[in-house]
Amino acid sequence: QETGVNGTVTSSEDGLPLPGASILVKGTTKGTVSDFDGNYSLPDIPGGAILVFSYVGFVTKEIPVNGKTQINIALDTDSQQLDEVVIVGYTRERKVEMTGAISVVDMAPLEGQSMSSGSTMQALQGRVPGLFVEKSGDPTGASSRILIRGVSTLGDNNPLYVIDGVPTVRPEVFASINPSAIESVQVLKDASASSIYGARAANGVIVVSTKNSTRGEGEKFSISINSNISVLSEKKQRYDMLNAQQRGEALWRASVNDGADPNNAYGEIYDFNWNGDFTSPVLNSVSVQPYVGGNTDVPAGDTDWQKETYETGYVYNNDVSISGGTDKSFMLLNLGYLKNTGILKYTGYERYSARFNGNVKLFKDKVRVGINTQLFTSNETLASPDVGSAPTPGLAITLAPTIPVFTATGEYAGPIGSGYSDRNNPVYMQYINRWDNTERTTLFGNVFAEADIFSNLTFRTSVGIDHNRFHRKDIETTVQNGFITRSVNKLTHDTNDYTSFTFTNTLNYELKLGDHRIGVLLGTEAIRTDFNSIVSSGQGFAIETGDYFTLGAASGNRTTDGTSTGSRLWSQFGKLSYAFADKYLASFTLRRDGSSRFGDDNRYGYFPAATAGWRINREEFLKENNTISDLKIRAGYGEVGNQSIGDVARFGLYEARYGPNQNVYVPDFFNIYYNVGTAYDLNGNNTGNLPSGFVSIQAANSGLKWEETREMNVGLDFGFFQNKIAGSFDYFVRNTEGILIQPPVASVLGEGRQRFLNGASTRTKGWELSLAYSDTYENGLYFAVSTNFGAFKDKITELPEEVRTAYPGTAENSIIGHSQFSIYGYKTDGLFQSREEVEAHATQVGARPGGIKFVDLNEDGIINADDRDFLGTTLPDLEYGIRIDLGYKNFDLSVFGSGVTGRIGIDPYIFWNNFVQGRENAGLGVLNAWTPENTDTDIPSLSLVNNDTQDSDYVYRNNSYFKLRNAQLGYNLPKELIEKWGGMTNLRFYMQGENLFWITPKNFVGADPERTNVNAIPVPTTFSLGINIGF
Amino acid sequence: KDFLEYDPKGQVPEEDIATAENAENLVTTAYAGIANDEMIGPLTHLWVYGSVRSDDAYKGGGGRSDVVVVDHYEQYNLTQADDGDQMIPRTWTNFYKAISRANFALSVIGELSEEEFPLKTTRMAELRFLRGHSHFMLKLLFKKIPYVTEGLSDEEILQISNDVDNEELWNRIAEDFLFAFENLPGTREQSGRADKSAAAAYMAKLRLYQAYEQDENHNVVNINPSRLEEVITYANEVSGSLEPDFANNFLDGHDNGPESIWAAQFSVNDGTEVGRASYVTGLNSPHGTSLYGCCGFHLPSQNMVNAFKTGADGLPLPDHFNASDMIDPEDFTSVDPRLDHTIGVPGRPFKYRNTVNEEGDMIYRTSWARDPGVYGFFGNMKEQQAPDCSCFVKEGPFIGTSKNIDFIRYADVLLFKAEALIQLGRYNEALPIINELRERAAASTARPIEAGASNIYNIEPYPSFSSKEEALKALKFERRLEFAMEGHRFFDLVRWGEAAAVLNAYLNEEKTKRDFLANARFTAGRDEYYPIPQREIDFTGGGLYKQNPGY
């Protein structure tokens, strides 16, 4: 039976009609749109149809027709959207009234991506304008770099996280929170927004709120289950390396170019049949010698070490939440389990996490007490170093292909005989380090109480804790690997405790007088942070099993080391906010921080900020405008500080250094053998306890003070056509003064004379744009495109001589006016094509035909350090991201990519692809190296010793990229169906792929442009299947 | 307020250290400073700078690109001021660290009265000796260096140029040794400390270098006789004697013996992280035997091996030694016994031993060489100890030992004196000195023979010198054999003003045997000294330090 329906769509808030609202017959593509007065009419629909009324910013309603011919409907505004209230600095703020540069993260699309990595942080990559996240391939899901609006300082650039009001600088706390427990994430980008966090806000603040609010909907509980399985592979990120035969050809060419017969240096690995003529060399053939080092137990291999060292990894991630409550109470219980089997053999990561949030309302709701707790414990085994401390991811690239993985007798093979590097079989190294692990256990959270003293005056007190227990176990077994042996085994336990308490008290006062709204916040905060570590090791274990390696079982030398440090912060802050007629907005904040890191004279810092906003769309002249649905102009100015220096950086300090080598302070292979102690065998006993003294470790700077950042931000938020097109634009200028830095000093000053200084000033200008279009078409298709862009340019404006050495450049050619991330080096002009060209050129050490030609910038006829200049910057000009969402019926599809442009960098592959390292394998590029016959190439004439790899525009190249990071396809089972399954409210399946493909510039030689550290596990390509269930 | 007070834990400010109670500790710290070296920034054993860069030795290791900067030094013409962080830049830094330790102790002790600190003068003399030592070593490497004394602020130190008159710089370094000489006791209260003999020996050494006066391009333009007289005077003040067996100088159990005039002390099992052992030659272990470790660096040149050849008269062959090569066992028929103390020769016992675990496993063999196609089959021996020595520690791939490293042996003092006598024309007085060393060498054959070495030794004293020139030639050759691969050779050649001539002649012959030297060339007026590390020039503003000529 067909019928016709008409009616009016209005807003329940003010009763005004809603023009352009969508009315759809459910399950069909039939529908219409309300007219200017909110009227609609739908002829010829089934009498049993359900109408779906939707309008941007309002809650969608479904009404059964039930034979009615007129349906008037008042839609409720969607607090999730228009009245979304978020926490930004000790107070709640309506999203539409925010006046700082704050990005509220859309959590919904993050779930799948964070499920596959186990880190919400990684899922934010490329999604928030001005937030730059670099992933790592570690199974822990740790990000390698997180930057908000580029970088303002040279030191620690990590943002401050404020989770349920408790600050932490440990990204793993945020990473461990399952997204289903997160209420909202705000990124405070500019100083006017973050200034309320004062001393630690210079790198931006990420404010996270977990779910802990009573909805006031009566008794209601819900359960959600998320489960995800991912498959990880690094095949696309591999470097193309030479096979056994090809390496022989490259070594022949390089040796001959150096004037040496390759049969001398590499005759044990290859049999080179060549004409012996260095002036016109010809290689007749090269063959691999049958045995490694002539050992008949070790037949030569043709090993692809990357293939052998990596395997397919799997991630299993599950979490369950139970949440809900009554009008008077709320609780959330979230349990998660993550396991990543690792793509590098014998690595892995496991994490158990639990969150309990709860609150109750007492005394007629006037008092509220509650708790937020996050508990997680994790266990990881990561990439291992070999006997000579070289990490296995690098060895998988560099080890010679002629070494097999196993010997004929089934042992792990290693280098034997001449011609090989003193590096180990990476598979073997991973295997013998399989008992190594790091355990972290964190308790994070707070207990809080709020009391309404008067109806408008609320007092809140909170005690927060951030506690981490760290325990690393490192077992070094004995090794017999080719010619490399380790005869003494060793166990090291490295443990530390980190505890930070935060005690916060605030008073909040809100007043409404007619059109005036006034908010006042006053607060204090005390933070106490302590860190204690103990490192113990023992040598000489009779039995090599994982169970036997305990310190008590050591029979040899034992050492113990340990440190203690800590800091204190004591702060007062206030905020005054004012709104007139919801149109004119203003706020003023001031924070005063006292830090134990600074001396009496500079102990306190004051950090003010002010903002103003104008919601133009609330003005009368725009009320009737159908095009502009939202328009707000914002402006703000703020000052923030940075105190990211050592806890005791201001002191001139001496310490007793009885035992340590330099590796204790600066971990590095050779530093293990570099004694920097004060003990000395004056008595000539050769053993036993030694006399010892004290040594300077840093020079004093009693005048050390806050690094200060002043930032001006103007912004525009806009929405057109019922917010179908929405976005925001921000422009900022940021001046940072007195950057805290510990510059290197001339050696002539002696030992331990470095000190922290307030040094350079920088100016950063930039803009961010986010622009989105979304619409649901009449045929039911939902389509959305959202883009974000961030662009920054920084330059050093002032550079005191005493900190110049911390930056590239020289006294004559200083970095002033350049980005602090500039690269200083030589300019090149292709390759020398002939001996004559070499002779005609300025004197250059090691110059040869086919070698890289450096430009004699100062034209003094000699290439030396005076010919260096600024080559570019490693910070991109532009970061951007684009996301496309499609929804149709029960299907949803999203594709997301992001990239950077306008920067230079080294891709490490160039050192293998364009140069031959004598003991390491090389990349395919060396087969196309310059020879007198092959001159149309940019790969220099091969050499084993004469490789011009110093900083130059040859090795620093444009490494912009665009990456397709994520594609996800989901399917929601129909509600009618799942409702029958125990009242299920949501059942969605999805599949996704991550890190799928990328585009790089033409002369980029490497694999993945984000693979900048060959000693780290590459970021894999990932495919996932997931399920979300809700009850 | 109190809440914000947080004091450093386990670390203290300067005023808590600068006390009479801690004065002794600060002196210990300064001593430790001169031995705080590293494989890639040596202070104690200058095998890279004095041996590899001379005709004594090759870099070794796994081909030319292994620690490539040393290959650049070895090729001479690839040496650059801005060439990474390893070796020369670190050695510069480490010596200035040592100087700062001495200077801090000097400034603290200088403020104390004799009542507070009765050993004040002695300790100050020791500290000035240590400071002189570091400046001296730097001067050998760089010629022109900033000279730093105690009590200067950091700002003042950053005003000190290296562009000082050569003669003045020698004299300033000498002042420290003179003060030490005048104030140090004649006997050592502890064997690791410097005494009057050490100061006298250093004065002799310094005045000998100073006697050969150089112009701006490193040419020796004059030999100053009054400096030579001082060499003799101070050498005579040194009390010491030769070890009865040459081997003792390089064997555990003989540290601080009668021949050790001034040495860096090392120890193991001492509660430090990996032992306060000597790792400076850690790269230099024989590579192809599991008895040792990594990495086969610092290998004798064929020229060095040939130099041990003696004629039928038991005398060396300074003019003809290199006419034929000693490679295979049958080539070794008449040699100076010091060969078996210095060089691992295939078929001959290594480090005076025949057996550690299995019969004959200490007989040096060709398989011990890492990269024979490039660097030949010979090995270094003086800096090695037997694998079962209690002084021996294997840490990771490297080996450290508690064996001291002698900066000055009494044999060195004897030859300083002999050289001065010869240059003064008193070569007949030098004859018995040189012969004393040769007789000691002749008496040092028991250990190798007992370990199974065939007796191919033939060494005799010089009957006489017929001229100053002949004596000088004998002295130079004796120095080479006596101190072979101990890291002195290159500095001797530069002192004598013959680095370019000797080394280019060496390269011309050696490159026909070792093709990795095909493009090596020594440039006179440049390669006698290392470039001032570029970062030090950059860090001091660019104009303060004067770069050495040619770089």
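Residue positions within a chain follow its written sequence, with the count starting from 1. As a convention, the first chain written is A and the first ligand written is 1, with the rest following in written order. Only residues with pLDDT of at least 70 get local features here, since the model is predicted, and only at 80 or more are side-chain atom pairs given and counted; chain-wide, interface and lining totals rely on the full set of residues.

Observations regarding the interface of chain A and chain B
Frequently, the measure chosen for interface size is the accessible area that the parts lose on association. For the purpose of contact definition, each residue receives a C-beta atom placed from its backbone, and two residues are in contact when these atoms lie within 7 Å. Listed as interface residues are 94 residues of chain A and, on the opposing side, 96 residues of chain B. Helix numbers and strand numbers start at the N terminus; a helix is a DSSP run of H or I with at least 4 residues, a strand a run of E with at least 2. When contributions to the side of chain A that touches chain B are tallied by element, the ones reaching two or more residues are helix 6 (262-266), strand 27 (484-486), strand 30 (558-580), strand 34 (653-656) and strand 35 (694-698) of chain A. Examining the composition of the side of chain A that touches chain B, we find that eight residues originate from one element, strand 30 of chain A, more than from any other. When its residues are assigned to classes, the side of chain A that touches chain B shows 40 nonpolar, 42 polar and twelve charged. Any residue outside Ala, Val, Leu, Ile, Met, Phe, Trp, Tyr, Cys, Pro, Asp, Glu, Lys and Arg is labelled polar, Gly included; the first ten of those are nonpolar and the last four are charged.

Section: unusual backbone geometry
For the bond from Cys-294 of chain B to Cys-295 of chain B, the omega torsion is 5°, close enough to zero to count as cis. Within the secondary structure, Cys-295 of chain B is located in the loop between strand 4 (260-264) and strand 5 (297-300). The residue Lys-364 of chain A is not glycine, and still its phi comes out positive at about 55°. Even without glycine at this site, Ser-389 of chain A takes up a positive phi of about 70°.

Side note on the environment of Trp-614 of chain A
All names here are of chain A. Inspection of the secondary structure assignment puts Trp-614 in strand 32 (residues 604-615). Residues Trp-614 and Thr-99 lie 515 residues apart in sequence; the distance between their C-alpha atoms is 8.8 Å. Leave out the neighbours within four places in its chain, and Trp-614 touches Lys-583, Tyr-584, Lys-632 and Ile-633.

Section: the sheet that holds strand 13 (residues 160-163) of chain A
All names here are of chain A. Pairing within the open sheet is mixed, and its five strands lie in the order 10-15-16-13-14. Of all the strands in the sheet, just strand 10 (102-104) and strand 14 (166-168) have a single pairing partner and so form its edges. Averaged over neighbouring strand pairs, the angle between their axes works out to 20° when direction is ignored. Paired strands, in this sense, are two strands between which DSSP finds at least two bridges. One ladder, built from three bridges, connects strand 13 with strand 14; its direction is antiparallel. When the sheet's bridge partners are listed, Ile-163 is paired in strand 14 with Val-166. Comment: axis = line fitted to C-alpha atoms, over the contacting stretch for helices; angle = value between 0 and 180 degrees taken between N-to-C directions.

Some words on helix 5 (residues 88-110) of chain B
The terminal C-alpha atoms of helix 5 of chain B lie 33 Å apart, and with 23 residues this matches the ideal 33 Å at 1.5 Å per residue to within 8%. The buried fraction of helix 5 of chain B amounts to 21 of the 23 residues, a majority that puts the element mostly inside the structure. By this rule the span expected of a helix is its residue count minus one, scaled by 1.5 Å. Counting other C-beta atoms within 10 Å of a residue's own tells you its class, since 20 or more makes it buried, 12 or fewer makes it exposed, and anything in between is partly exposed; those C-beta atoms are placed from the backbone.

With respect to the packing of helix 14 (residues 410-423) of chain B against helix 15 (residues 427-442) of chain B
Residue and element names in this part refer to chain B. At a minimum axis distance of 8 Å, the contact between helix 14 and helix 15 shows a crossing angle of 155°. Taken together, the axes of helix 14 and helix 15 are roughly antiparallel relative to one another. For the crossing formed where helix 14 meets helix 15, the hand is left-handed. Contacts between helix 14 and helix 15 involve Ala-411, Leu-414, Lys-417, Ala-418, Leu-421 and Ile-422 from the former and Tyr-427, Glu-429, Ala-430, Ile-433, Ile-434, Glu-436 and Leu-437 from the latter. The residue inventory of the contact of helix 14 with helix 15, partitioned by class, reads ten nonpolar, no polar and three charged. An angle below 35 degrees is treated as roughly parallel, one above 145 as roughly antiparallel, one from 65 to 115 as roughly perpendicular, and anything else as oblique. The handedness criterion is simple: a crossing whose near helix is rotated anticlockwise from the far helix by less than a right angle is left-handed, and one whose near helix is rotated clockwise is right-handed.

Here we look at the domain arrangement of chain B
All names here are of chain B. Delimitation of the domains relies on an automatic or database domain assignment. Domains assigned within chain B are domain 1 (2-34 + 87-239 + 521-539) and domain 2 (245-484). Placing a centre on the C-alpha atoms of domain 1 and another on those of domain 2 gives a separation of 29 Å. Each side of the interface is counted separately: domain 1 has 18 residues, and domain 2 has 14 residues. Sorting the residues of the side of domain 1 that touches domain 2 by element identifies helix 9 (196-211) and helix 10 (225-237) as the ones contributing at least two each. Per-element tally for the side of domain 1 that touches domain 2: the top contributor is helix 9, with seven residues. Its residues assigned to classes, the side of domain 1 that touches domain 2 comprises 14 nonpolar, three polar and one charged.

Quick word on the environment of Thr-461 of chain A
All names here are of chain A. Along the chain, Thr-461 turns up in strand 25 (residues 457-476). With 16 C-beta atoms packed within 10 Å, Thr-461 lands in the partly exposed category. Along the primary structure Thr-461 and Leu-875 are separated by 414 residues, whereas in three dimensions their C-alpha atoms are 42 Å apart.

A few points about the sheet that holds strand 6 (residues 61-64) of chain A
All names here are of chain A. The sheet built from four strands is open, its strands ordered 3-2-5-6 with antiparallel pairing. Pairing within the sheet leaves two strands with one partner each, and these edge strands are strand 3 (31-33) and strand 6. The sheet shows a mean angle of 20° between the axes of neighbouring strands, direction not considered. In terms of strand pairing, strand 2 (residues 22-25) meets strand 5 (residues 50-54) through four bridges, oriented antiparallel. Within strand 5, the position partnered with Val-25 by the bridge is Leu-51.

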